[in-house]
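Commentary on secondary and tertiary structure
If you want the building blocks of each chain, they are given just below.
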Amino acid sequence: MYRIGQDEIDAAGRAILSREFFKINNAGREVQHFEEEWKALTGAKYALTMTSGFAALTSALIGMGIGPGDEVIVPGYTYIASALAVTAVGAMPVIAEVDDTLTLDMADVKRKLSPHTKAVMPVYIQGFPADLDTLTALSKAHGFRIIEDACQADGGMYKGRYLGAIGDAGAFSFNYFKVITSGEGGALVTDDRSIYERALIYHDASAVAFFGDQLNGIEQPLFGGVEYRVSDIIGAILRAQLKRMPGILADLRRNRSALAERVCGGDLVQAPSHDIDGDCGTTLALRFENEADCRRFQTRCADNGIGITVPIDTGKHVYTNWTQIMEKRGALHPAMDPFKMEANRGLQTDYTPDMCPRTLDLLSRTAYVMISPEWSEKDIEAIANVLNGK
Ligand SMILES: Cc1ncc(COP(=O)(O)O)c(C=O)c1O
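Residues numbered from 1 in each chain as written. Predicted model: local features only at pLDDT ≥ 70, side-chain atom pairs only at ≥ 80, totals over all residues. Heavy atoms only, no water.

**Regarding the sheet that holds strand β3 (residues 92-96)**
Reading across from one edge, β1-β9-β8-β5-β4-β2-β3 is the order of the seven strands in this open sheet, with mixed pairing throughout. Looking at strand neighbours, the two that pair on one side only are β1 (46-50) and β3, the edges of this open sheet. For this sheet, the mean inter-axis angle between neighbouring strands, taken without regard to orientation, is 25°. Pairing between strand β2 (residues 71-75) and β3: five bridges, direction parallel. Within β3, the position partnered with E71 by the bridge is M92. Running at roughly 20° to β1, helix α7 (residues 193-203) makes contact with β1, β5 (145-149), β8 (169-173) and β9 (186-190) of the sheet. (Pairing = 2+ DSSP bridges. Helix = DSSP H or I, 4+ residues; strand = E, 2+ residues; numbered from the N terminus. Axes fitted to C-alpha atoms, helices over the stretch in contact; angles between N-to-C directions. Contact = heavy atoms within 4.5 Å.)

Rendered as structure tokens:
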């Protein structure tokens, strides 16, 4: 959470005082307005607000018709939710390396493509854009779908286009830790009518056919799904957050660049990026030759009051710590567990702790300086002095 205050209180109050804050209503229609605004921003044709980023990822996968017998390539460095979204729809996550930018390594994607690959999921961890030109070319050549996990990249861009709205579908998170937040929340975007229709039906299976005219013009037949609806209170808060987003991103990016200018170029090296201007600016990533140097830097900064995160320490963001995946427990009921399904037999699920050595190496010699949009020039100067060992 970066910025929140009276505007969000007023927005939530407006929704509550309308006394109609079910998603479908004849009062503020906040969720509907938010979806219009999110579409206008990202340039996507369709948007659906949901309870979480995970909800958006699974709804997108369902919308693509992905299920048992299918493989989805995910990077070994992402929050476990990316991989669990794949097992949630009955498919198998195939875990790939990340490149120097800590996003999906396209060379490893190429190596891991198989006749079962139905989708590839680039993840914009810390708001870092992936190599989407190469991925788009690969997807055209091999016929798989691109599902973008933009959960950590609300408002991020790649070569002038919004992350999340470049592939076949994209998922955003608005949980407490994201660029904008409603405490919990998410959104799916797509230009594909059939993905949209199926995601609409899936994410609100019991109410979509009951409330309002949501099924007008929908051609896909109804099928069973889940309930990932949000209330108009969430919609109202998100609209207030959306107004703040350009300012949050501009200030994050400016402060990240200002800090990088002061510290990088000598001993400290900034990790490469596929689009440093589109990157959300939440994090300055520094790259070291080895873990020992990285840890020494971390300790020196900590001794001077600056916390540094080494991403190998970030628990469920690293595939080795994805217990449910590594130990192959995809569901409680054995008949619902995709790892036990006949259709998934023979797919690439040979998960071992050392299967992505480059990812582990890069994560253990990268240092994150978390950026605040509220820093003044003086703050940046003081932090730079610590990072520079002055
Ligand atoms: C990369 C990534 N993907 C997916 C998710 C899931 O988002 P949510 O917590 O909103 O379900 C997160 C959340 O932290 C995330 O960081």
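**Digging into the site of the ligand**
Among the 16 residues in the neighbourhood of the ligand, the closest are listed as G53, D149, Q152, S173 and K178. At 2.9 Å, a backbone N or O of F54 approaches an oxygen atom of the ligand. One of the side-chain nitrogen or oxygen atoms of S173 is found 2.7 Å away from an oxygen atom of the ligand. In isolation the ligand offers 390 Å² of accessible surface; the protein chains occlude 90% of this area. Among the cavities detected, the one that contains the ligand is the largest pocket. Breaking the shell around the ligand down by element, the ones donating at least two residues are α3 (53-63) and α4 (80-88). Ranked by residue count, the leading element in the shell around the ligand is α3, at three residues. For the shell around the ligand, the class distribution of residues is six nonpolar, eight polar and two charged. (Near = heavy atom within 4 Å. Polar contact = N/O pair within 3.5 Å; in protein donor to acceptor, adjacent residues only side chain to side chain. Areas by Shrake-Rupley, 256 points an atom, 1.4 Å probe, with all protein chains shown as cover. 1 Å grid on protein atoms, 1.4 Å probe; cavity = no way out; pocket = protein on both sides within 12 Å on 5 of 7 lines; lining within 4 Å. Sits in = over half its atoms within 2 Å of the grid points. Nonpolar A, V, L, I, M, F, W, Y, C, P; charged D, E, K, R; others polar.)

**Describing helix α2 (residues 30-42)**
For α2, built from 13 residues, the straight-helix expectation of 18 Å at 1.5 Å per residue is met to within 8% by its first-to-last C-alpha distance of 18 Å. Restricting attention to buried positions, one finds in α2 the residues E30, V31, F34, E35, W38, K39 and T42. Against α1 (6-17), β1, β7 (161-162), β8, β9 and α8 (232-263) lie the buried residues of α2. Just past α2, the residue G43 takes up positive phi, approximately 85°. (Expected span 1.5 Å × (residues − 1). Buried < 20%, exposed > 50% of the residue type's maximum accessible area, 1.4 Å probe, protein only.)

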